[in-house]
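Analysis of the macromolecular model
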Amino acid sequence: MAKILITGGTGYIGSHTAVEIFNAGHQYIIVDNLSNSSIDVISGIEKITGVKPIFFNIDLKDKTLTEQFFNSHSDIDSVIHFAAYKAVGESVQEPLKYYENNLLSLINVLENIKLHKIKSIVFSSSCTVYGQPNKLPVTEQSPILKADSPYGNTKQISEEIIQDFIKSNNGNCKAVSLRYFNPVGAHESAEIGELPLGTPNNLVPFITQTAAGIRAELKIFGNDYNTPDGTAVRDYIHVVDIAKAHVAAINRLLNHHNKSDFEVFNLGTGKGNSVLEIVKTFEAVTGIKLNYRITERRPGDVEQIWANTDKANIELNWKTQTSIGESLLTAWIREKKYRRI
Ligand code: NAD
Ligand code: WQD
């Protein structure tokens with residue numbers, strides 16, 4: 001059993017990971033400043049696990065507060081670093097806010113990892129680092145293209161910062177960077193899920209809110225892509241499968257099974273689904289007819305991307321277990337529970 005710090009642990013992926021870290025028998029502490037999550041998530045996790053999580057409301061941009069936290073928790077074995085801003089569009093409008101938050105928080109965490117001789121970190125990266133790859137499915141060796149957004153750039157720079165940090169640390173610290181494709185769905189209990197703040201940018205929350213009557217219609221952004229049905233293709237992966245991959249990554253690091261001090265893994269299903277396929281699957285599993293309309297393409301969208309997951313499947317001994325239909329159903333059940341409908 002190890003003690004894991006989960007930064008951003010009241011967020012969407014962090015909260016699901018906290019549950020799986022608990023299920024795997026580890027102890028954990030959550031640090032989050034609630035800038036994009038709610039304190040209610042703590043009771044959601046408690047309802048699932050039966051144990052109230054230890055939680056600290058700390059802004060990791062704040063060097064002093066971060067130092068104080070680590071000074072009073074010197075027995076942390078490993079860190080899973082989720083804390084970051086993630087809205088692509090907002091990052092284009094307010095780039096400095098994104099560079100400041102995502103990079104300063106990471107640097108403060110790494111400084112304390114060094115100071116307190118913490119042995120490992122798992123970092124939340126994104127398939128956005130690949131842009132539109134020339135070859136599909138995309139492997140970890142695929143080139144990193146110039147980022148389309150400041151948000152995407154923070155992920156690229158963060159990976160570089162971590163690599164430099166690991167190199168400078170003479171083998172005292174190891175890192176795994178997990179590049180998530182499109183996380184969707186919620187815990188089967190529906191006690192936790194994606195927090196719907198404002199109008200969703202992502203497809204699945206937009207679908208569930210349309211089904212719930214909160215949005216009048218779903219706009220499908222473009223049907224003239226070079227894909228089988230003309231709509232864009234992504235690799236949608238259930239959030240609990242992503243959470244379980246973090247357990248696999250943590251155990252790999254704790255058990256010294258890593259092959260190098262900095263490793264990267266794609267987290268996807270290995271299968272692409274078009275926007276129309278997602279809509280049709282949602283309708284099939286829920287029995288709800290969605291009001292949707294084809295509109296023009298969304299600027300900045302890539303046409304198609306899905307993951308080659310061989311490396312994660314073999315090295316992490318991890319595979320996705322949830323079908324896209326099941327994933328969408330959990331998203332809908334969570335939406336209904338949250339809205340009390
Ligand atoms: P989220 O916004 O739900 O969770 C992030 C959490 O970090 C939030 O609870 C927020 O309050 C917290 N946070 C942000 N800045 C902080 C700070 N300075 N100090 C303390 N806490 C802070 O997002 P998520 O979807 O759970 O994403 C988690 C991580 O995964 C992020 O790093 C994100 O960039 C990355 N990621 C997400 C996706 C996705 O589609 N959801 C895809 C790829 C990568
Ligand atoms: C999926 C598909 C849209 C909404 C984003 C970030 C990426 C990563 C995951 C963090 C696209 C289409 C969407 C709608 C639609 N996050 N769509 N109507 O764009 O693949 O990735 O989230 O790292 O960095 O860019 O996800 O869910 O926004 O879109 O037709 O109302 O659904 O055009 O083809 P995306 P998404």
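Every value quoted in this text rests on a predicted model; they were computed, and no experiment measured them.

About the criteria used
- Residues numbered from 1 in each chain as written.
- Chains lettered and ligands numbered in written order.
- Predicted model: local features only at pLDDT ≥ 70, side-chain atom pairs only at ≥ 80, totals over all residues.
- Heavy atoms only, no water.
- Helix = DSSP H or I, 4+ residues; strand = E, 2+ residues; numbered from the N terminus.
- Rg over C-alpha atoms; globule rule 2.2 N^0.38 Å.
- Areas by Shrake-Rupley, 256 points an atom, 1.4 Å probe, with all protein chains shown as cover.
- Lys, Arg positive; Asp, Glu negative; His and termini not counted.
- Charge placed at Lys NZ, Arg CZ, Asp CG, Glu CD.
- Domains from an automatic or database assignment.
- Buried area = accessible area lost by both parts, 1.4 Å probe.
- Salt bridge = Lys/Arg side-chain N within 4 Å of Asp/Glu carboxyl O.
- Polar contact = N/O pair within 3.5 Å; in protein donor to acceptor, adjacent residues only side chain to side chain.
- Buried < 20%, exposed > 50% of the residue type's maximum accessible area, 1.4 Å probe, protein only.
- Contact = heavy atoms within 4.5 Å.
- Near = heavy atom within 4 Å.
- Nonpolar A, V, L, I, M, F, W, Y, C, P; charged D, E, K, R; others polar.
- Phe/Tyr/Trp six-rings, centres within 6.5 Å; stacked < 30°, edge-to-face > 60°.

1. Structural notes on the overall build of the protein chain
Regarding its fold elements, the protein chain presents 11 helices and 13 strands. Whereas a compact globule of 341 residues would reach a radius of gyration of roughly 20 Å, the protein chain reaches 19 Å, a difference of no more than 12%. Judged by the C-alpha coordinates and their principal axes, the protein chain covers about 55 × 45 × 40 Å. If you sum the accessible surface of the protein chain, you get close to 15,100 Å²; carbon and sulfur atoms cover 50% of it. In the protein chain, which carries 35 positive and 37 negative side-chain charges, the distance between the mean positions of the two groups comes to 1 Å.

2. Notes on the domain arrangement of the protein chain
In terms of domain boundaries, the protein chain breaks down into domain 1 (3-183 + 236-267) and domain 2 (203-234 + 270-339). The distance between the C-alpha centroids of domain 1 and domain 2 comes to 24 Å. Buried area between domain 1 and domain 2, both sides added, is near 2,400 Å², and the carbon and sulfur share of it is 61%. Ranking the residues of domain 1 by area buried against domain 2 places Tyr236, His238 and Asp241 at the top, with a combined share of 30%. The interface formed by domain 1 and domain 2 includes 2 salt bridges. Note that Glu315 and Arg252 form a salt bridge whose closest N and O atoms lie 3.0 Å from each other. Seen at the junction of domain 1 and domain 2, the total is 13 residue pairs in polar contact (both at pLDDT 80 or more). Taken together, the elements giving at least two residues each to the side of domain 1 that touches domain 2 come down to strand S10 (236-238), helix H8 (239-254) and strand S11 (262-267).

3. Topic: helix H7 (residues 203-211)
An α-helical turn contains 3.6 residues, so a residue and the one three or four places further along point in the same direction. Most of H7 is tucked away, with 9 of its 9 residues classed as buried. Within the span of H7, buried status applies to Leu203, Val204, Pro205, Phe206, Ile207, Thr208, Gln209, Thr210 and Ala211. Two residues or fewer past H7, Gly213 is found with a positive phi of approximately 85°.

4. Things to note about the environment of Ile144
Topologically, Ile144 is positioned in the loop between strand S5 (120-126) and helix H6 (150-168). Along the primary structure Ile144 and Pro95 are separated by 49 residues, whereas in three dimensions their C-alpha atoms are 20 Å apart. Every residue in contact with Ile144, bar those within four places of it in the chain, is listed here: Val129, Gln156 and Arg179.

5. Quick look at the site of ligand 2
Around ligand 2 sit 19 residues in total, of which Ser126, Tyr151, Lys219, Arg234 and Asp301 are the nearest. At 3.0 Å, a side-chain N or O of Asn182 approaches an oxygen atom of ligand 2. Separating an oxygen atom of ligand 2 from a backbone N or O atom of Phe221 is a distance of 2.9 Å. Here ligand 2 has 690 Å² of accessible area as a free molecule, and 87% of this is covered by the chains. At the level of elements, H7 and strand S8 (218-221) are the ones that each hand at least two residues to the shell around ligand 2. In terms of residue count, the dominant contributor to the shell around ligand 2 is S8 (4 residues). Taken together, the residues of the shell around ligand 2 sort by class into 10 nonpolar, 5 polar and 4 charged.

6. Here we look at the packing of aromatic side chains
Across all of its chains, the model carries 5 aromatic pairs by this definition. Here Phe282 and Trp332 contribute two aromatic rings whose centre-to-centre distance is 6.0 Å and whose plane-to-plane angle is 80°, an arrangement assigned as edge-to-face. Here Phe282, found in helix H9 (residues 275-286), pairs with Trp332, found in helix H11 (residues 324-339); they are 50 residues apart in sequence, far enough to count as distant. A single burial state applies to Phe282 and to Trp332, both of which are buried. Members of the aromatic cluster, each reached through a chain of ring pairs, are Phe56, Phe69 and Phe70.

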